[in-house]
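Fold and geometry: a report
Residues per chain, in single letters:
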Amino acid sequence: MGIDNIKVSVVVAVYNSSRYLEQNLNSICAQTFKDIEIILVDDGSTDGSDKILEKYASGDERIKVLYQREPSDGAALARNMGVSEARGGYVLVLDADDFFEEDLIEKAYNRAIDTEAEVVIYDGDLYDEKLDCIRETGMIVRREFLPSDLDVFNPRENADNLFFMTMGSAWNVLFSRELINRENLRFASFHHADDFGFVYLGFATATKIAVLHERLIHYRVNNSSSQAGTLYKWPDAAAGALLSLKKELDNRDLFERYHVTFTELSIHYFDVYLERMRDYDSFEKLYLSFKNKYVRELRLDELSDEELNQSRVVRIRRRLTLLSPGEYLYDKTHKNGLFADDYLWESIPIGGKVVIYGAGKVGKRLFLELMDSDKCKVVGWADKNYERLGYPIISPTKACETKHDYVIVAIESEHIYESIRNDLIEMGEHEGSIIHYRSE
């Protein structure tokens, strides 16, 4: 295939992924869009992944296999090697354990061409390896953080929410190679945070961003090779990545423009990492680093509570800056002090009769918490999958027929919540009695 025919370069960094590689590569090679090159970078695999790559390369002239042999701390070096070899007008950086709809590249590329966007964000779902099933999620494309439902926009039009539109990973974003080269976008060696600089800096410097509301990627979760469950091993990873991102924004005089979303992103990730610490010493070390170092260096205390958009982030910042590590853990356990005003108690009136809608992770947590509390009475627990889940889960229709004051929709996604809310209203539920609950 001639270089002039390459429209999209697909880059996949591979490290000991033999278990998933064939499914991954089959879904790439079978794409309906053919004008692509596939750059596979083996990052020192020891499980035979390199042999699988060579086999596929021998049968498809579009495939090029590279070998990254430098000592590395994550996928950054391999990804950068692949991106530097890219010749297409657009670049996709995919993970080796995921798989894709056959029209992913066609739809993402056409969206970029039709809108003249330098960035295209597309949706996806989760493939749960343990359960062997696809699970919908509202977290890959966050509709609630898009600018007034616009699907094509300049990043300045969404400055305060820019870093919450999606998860911040590269695998659901198509980037213009011109943007990558112009802004020198690179992956940095921060475990579970090596995408930050590439993705968020790309968002901030793009001329135009387009969104594609189709689930085109199946992101594998609950697999043994994932780094998501091992954040505790790299407690300072997010901090390093955020400091690097801030430096790049400062160098381009863009930090003030994105100060709000950067602050909220930083606080969010510190909260995530603190939750994953497995022992008190690690928790305390990261907590004190946040208070005594990173708050100042990342300028996380300069904006007032009123200037931030997310009340959840405001509450987290108050706790982390005002409490000692011991006070934080004690008050969190007992819901004292700054934990007493959690969203749960803001949303649910004391003494009211409530129905919980949703039996997923958030709903289960809420159900157990309310059953152990005397603040309100749970009179029903509903989910559309009630037949499969079984008692005590009941049908939404039956739940709405019970005598209650409020329906608490326990779901993270704003988009899914709106759909459920509309269904409840059609069943006769008064819209003022429907409350959205999202866990922290």
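Up top is the structure.
What you see is a predicted model; the values in this text were computed from it and never measured.

So, how was this worked out
- Residues numbered from 1 in each chain as written.
- Predicted model: local features only at pLDDT ≥ 70, side-chain atom pairs only at ≥ 80, totals over all residues.
- Heavy atoms only, no water.
- Helix = DSSP H or I, 4+ residues; strand = E, 2+ residues; numbered from the N terminus.
- Rg over C-alpha atoms; globule rule 2.2 N^0.38 Å.
- Buried < 20%, exposed > 50% of the residue type's maximum accessible area, 1.4 Å probe, protein only.
- Contact = heavy atoms within 4.5 Å.
- Areas by Shrake-Rupley, 256 points an atom, 1.4 Å probe, with all protein chains shown as cover.
- Axes fitted to C-alpha atoms, helices over the stretch in contact; angles between N-to-C directions.
- Parallel < 35°, antiparallel > 145°, perpendicular 65-115°, else oblique.
- Expected span 1.5 Å × (residues − 1).
- Left-handed = near helix turned anticlockwise from the far one by under 90°.
- Nonpolar A, V, L, I, M, F, W, Y, C, P; charged D, E, K, R; others polar.
- Salt bridge = Lys/Arg side-chain N within 4 Å of Asp/Glu carboxyl O.
- Right-handed = clockwise from strand over helix to strand, strands pointing away.
- Pairing = 2+ DSSP bridges.
- 1 Å grid on protein atoms, 1.4 Å probe; cavity = no way out; pocket = protein on both sides within 12 Å on 5 of 7 lines; lining within 4 Å.
- Points joined across faces, edges and corners; volume = space filled by probe spheres on them.
- Phe/Tyr/Trp six-rings, centres within 6.5 Å; stacked < 30°, edge-to-face > 60°.

**Quick word on the overall build of the chain**
- Regarding its fold elements, the chain presents 16 helices and 14 strands.
- Computed over C-alpha atoms, the radius of gyration of the chain comes to 23 Å, within 12% of the 22 Å expected from 2.2 N^0.38 for 440 residues, which places it in the range of a compact globule.
- Considering only C-alpha atoms, the chain reaches an extent of 70 × 50 × 40 Å along its principal axes.
- Out of the 440 residues belonging to the chain, those deemed buried represent 55%.
- Within the chain, contacts between residues separated by at least 24 positions form 76% of all contacts whose residues are at least 6 apart in sequence.
- As displayed, the chain has an accessible area near 19800 Å², and 46% of this comes from carbon and sulfur atoms.

**A few points about the packing of helix α9 (residues 280-297) against helix α10 (residues 311-322)**
- Here α9 crosses α10 at 95°, and the two axes come no closer than 9 Å. Considered as vectors, α9 and α10 are oriented roughly perpendicular to each other. Across the interface between the two elements, Tyr-287, Phe-290, Lys-291 and Val-295 of α9 pack against Arg-319, Leu-320, Thr-321 and Leu-322 of α10.

**As for helix α7 (residues 237-251)**
- Counted at 1.5 Å a residue, the expected span for α7 with its 15 residues is 21 Å, and the 21 Å between its end C-alpha atoms agrees.
- Among all positions of α7, only Ala-237, Ala-238, Ala-239, Gly-240, Ala-241, Leu-242, Leu-245, Lys-246 and Leu-249 are buried.
- Contacts made by the buried residues of α7 are with α6 (196-205), α8 (259-276) and α9.
- Just downstream of α7, Asp-253 is the residue with a positive phi angle, here 55°.

**Regarding the packing of α6 against α7**
- Two elements in contact, α6 and α7, have axes whose closest approach is 9 Å; the angle formed by their N-to-C orientations is 35°. Regarding α6 and α7, the two cross each other, and that crossing is right-handed. Counting all contacts with α6, which are made through Phe-196, Tyr-200, Leu-201 and Ala-204, the residues of α7 involved are Ala-238, Ala-241, Leu-242, Leu-245, Glu-248 and Leu-249.
- Its residues assigned to classes, the contact of α6 with α7 shows nine nonpolar, no polar and one charged.

**Thoughts on the environment of Glu-248**
- Among the secondary structure elements, Glu-248 is positioned in helix α7.
- Look at Glu-248 and you get partly exposed, because its relative accessible area is 27%.
- Spatially, the C-alpha atom of Glu-248 lies 22 Å from that of Ser-289, the residues being 41 residues apart in sequence.

**Some remarks on the pattern of salt bridges**
- Scanning all chains against the criterion turns up 27 salt bridges.
- A salt bridge links Asp-305 to Arg-318; the nearest nitrogen and oxygen atoms lie 2.9 Å apart. Placement of Asp-305 in the loop between α9 and α10 and of Arg-318 in helix α10 is noted, with a sequence separation of 13 residues between them.
- Arg-318 gets classed as partly exposed once you look at its relative accessible area, which sits at 34%.

**Observations regarding the pairing of strand β14 (residues 434-437)**
- Residue alternation in β14 divides its side chains into two sets, Ile-434 and His-436 and Ile-435 and Tyr-437, and both sets are buried.
- Considered for its hand, the β-α-β crossover made up of strand β13 (residues 406-410), helix α16 (residues 414-426) and β14 is right-handed.

**Focus on the pairing of strand β1 (residues 8-14)**
- In terms of burial, β1 is largely enclosed, as seven of its seven residues are buried.
- Relative to strand β4 (residues 90-95), β1 runs parallel, the two being bridged by six bridges. Each bridged residue has a counterpart across the sheet, and for Val-11 the counterpart in β4 is Val-93.
- With seven bridges connecting them, β1 and strand β2 (residues 36-42) associate as parallel partners. Bridge pairing in β2 places Val-11 opposite Ile-39.
- Following the backbone out of β1, through helix α1 (residues 18-29) and into the adjacent parallel β2, one traces a crossover that is right-handed.

**So, the layout of surface pockets**
- Considered as a void within the structure, the second largest pocket measures approximately 180 Å³ in volume.
- Forming the walls of the second largest pocket are 16 residues, and the residues nearest its centre are Arg-186, Ala-188, Gly-197, Ser-244 and Glu-248.
- Elements supplying a minimum of two residues to the lining of the second largest pocket: α6 and α7.
- When its residues are assigned to classes, the lining of the second largest pocket shows nine nonpolar, three polar and four charged.

**What about the packing of aromatic side chains?**
- In this structure the tally under the stated criterion is 20 aromatic pairs.
- With centroids separated by 5.0 Å and ring planes inclined at 90°, the aromatic side chains of Phe-175 and Phe-198 adopt a geometry described as edge-to-face. In this pair, Phe-175 sits in strand β9 (residues 173-176) while Phe-198 sits in helix α6, placing the two residues 23 residues apart along the sequence.
- Between Tyr-200 and Phe-203, the ring centres sit 6.2 Å apart and the planes meet at 80°, which makes this aromatic pair edge-to-face.

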